[in-house]
Amino acid sequence: MTDEEMFNAQARIGNAILSKVNATQQTGDVVTAMNTLYERIVSSGNTLLLLHSTAKHEWTCDAVSILRTIYDTSLQALYIFHDPQQRNDLAR
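Sequence order sets the numbering: in each chain, residues are counted from 1 along the sequence as written. The model is predicted, so local features are restricted to residues of pLDDT at least 70 and side-chain atom pairs to those at 80 or more, both for listing and for counting; the totals for chains, interfaces and linings are taken over all residues. Working from all heavy atoms in the structure, the side-chain values ignore hydrogens and water.

Student: Looking at this structure, I do not really get the overall build of the chain. What am I missing?
Tutor: The helix and strand tally for the chain stands at four helices and zero strands. The way it works is that DSSP assigns letters per residue, a run of H or I at least four long becomes a helix, a run of E at least two long becomes a strand, and they are numbered from the N terminus. Reading the chain from its N end, one meets helices and strands in the order α-α-α-α. Taken along the three principal axes of its C-alpha coordinates, the chain extends 45 × 25 × 20 Å. We call a residue buried when its accessible area falls under 20% of the maximum for its residue type, exposed when it is over 50%, and partly exposed in between, using a 1.4 Å probe and counting protein chains only. By the burial criterion, 25% of the 92 residues in the chain qualify as buried. Contact between two residues is taken to exist if any of their heavy atoms lie within 4.5 Å; hydrogens are not considered. Here the contacts in the chain between residues at least 6 apart in sequence split such that 60% fall between residues at least 24 apart. If you sum the accessible surface of the chain, you get close to 6500 Å²; carbon and sulfur atoms cover 55% of it. The charged-residue count follows a simple rule in which Lys and Arg add positive charge and Asp and Glu add negative charge, with His and chain termini not counted at all. Lys charges are placed at NZ, Arg charges at CZ, Asp charges at CG and Glu charges at CD. Counting 7 positive and 10 negative side-chain charges, the chain places the centres of these two groups 5 Å from one another. What sets the accessible areas is the Shrake-Rupley method with a 1.4 Å probe; for residues, cover comes only from the shown protein chains.

Written out as structure tokens, the structure is:
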């Protein structure tokens, strides 16, 4: 699998999951926070795909910054879920 095929596959999967999550129309602070964080991850992935396919400059440093954003966003989601007793407070 080439890099482009991998990026496209990941983008399709992420966008499909995001569409399904948004279609549930669930509410609450935790759901809102998770939707926001997941949208950030998917948007970052889409930006990586765009950079890979259109950049006319060396973009690896930009990609590393975007990957750092994805990593940080994942940590924020894990932090919200680490304590079931405080999830709503942490999500707010």
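Student: Mind showing me how you'd approach the pattern of salt bridges here?
Tutor: Close approach of charged atoms allows side chains of opposite charge to pair. One side-chain nitrogen of Lys or Arg within 4 Å of one carboxyl oxygen of Asp or Glu is enough to make a salt bridge. What the rule picks out here adds up to two salt bridges. Across the pair Asp 29 and Arg 92 runs a salt bridge whose closest N-O atoms are separated by 2.3 Å. Of this pair, Asp 29 sits in helix H2 (residues 29-54) while Arg 92 sits in the segment after helix H4 (87-91); the two residues are 63 residues apart in sequence, bridging distant segments of the chain. Overall, the relative accessible area of 31% leaves Asp 29 in the partly exposed class.

Student: I'm lost on the nonpolar core in this one. Help?
Tutor: As a rule of thumb, soluble globular proteins bury nonpolar side chains together. By convention a nonpolar core is built from buried Ala, Val, Leu, Ile, Met, Phe, Trp, Tyr and Cys residues, the set being connected through side-chain atoms within 4.5 Å. Counting nine residues, the largest nonpolar core is built from Phe 7, Ala 11, Leu 48, Leu 49, Leu 51, Trp 59, Ala 63, Ile 66 and Ile 70. In this structure Leu 48 touches Phe 7, Trp 59, Ala 63, Ile 66, Leu 67 and Ile 70, once residues within four positions along its chain are discounted. Membership of the second largest hydrophobic core comes to seven residues, among which are Ala 33, Met 34, Ile 80 and Ala 91.

Student: Help me out: how do you make sense of the environment of Ala 11 in this one?
Tutor: Of note, Ala 11 is situated in helix H1 (residues 3-23). For Ala 11, a relative accessible area of 12% translates into the label buried. A C-alpha to C-alpha distance of 6.4 Å links Ala 11 and Gly 45, two positions 34 residues apart in sequence. When residues no more than four places from it in sequence are discounted, the contact partners of Ala 11 are Asn 46 and Leu 49.

Student: Got a minute to help me understand a nonpolar patch on the surface in this structure?
Tutor: Nonpolar side chains collect at one region of the surface, where Tyr 71, Leu 75 and Leu 78 lie side by side and expose about 310 Å² of accessible area between them. The class for Leu 75 is partly exposed, based on a relative accessible area of 38%. Grouping into patches uses exposed residues only, defined as over 30% relative accessible area, and leaves out salt-bridged ones; the cut-off is 9 Å for like charges and 5 Å for nonpolar side chains (Val, Leu, Ile, Met, Phe, Trp, Tyr).

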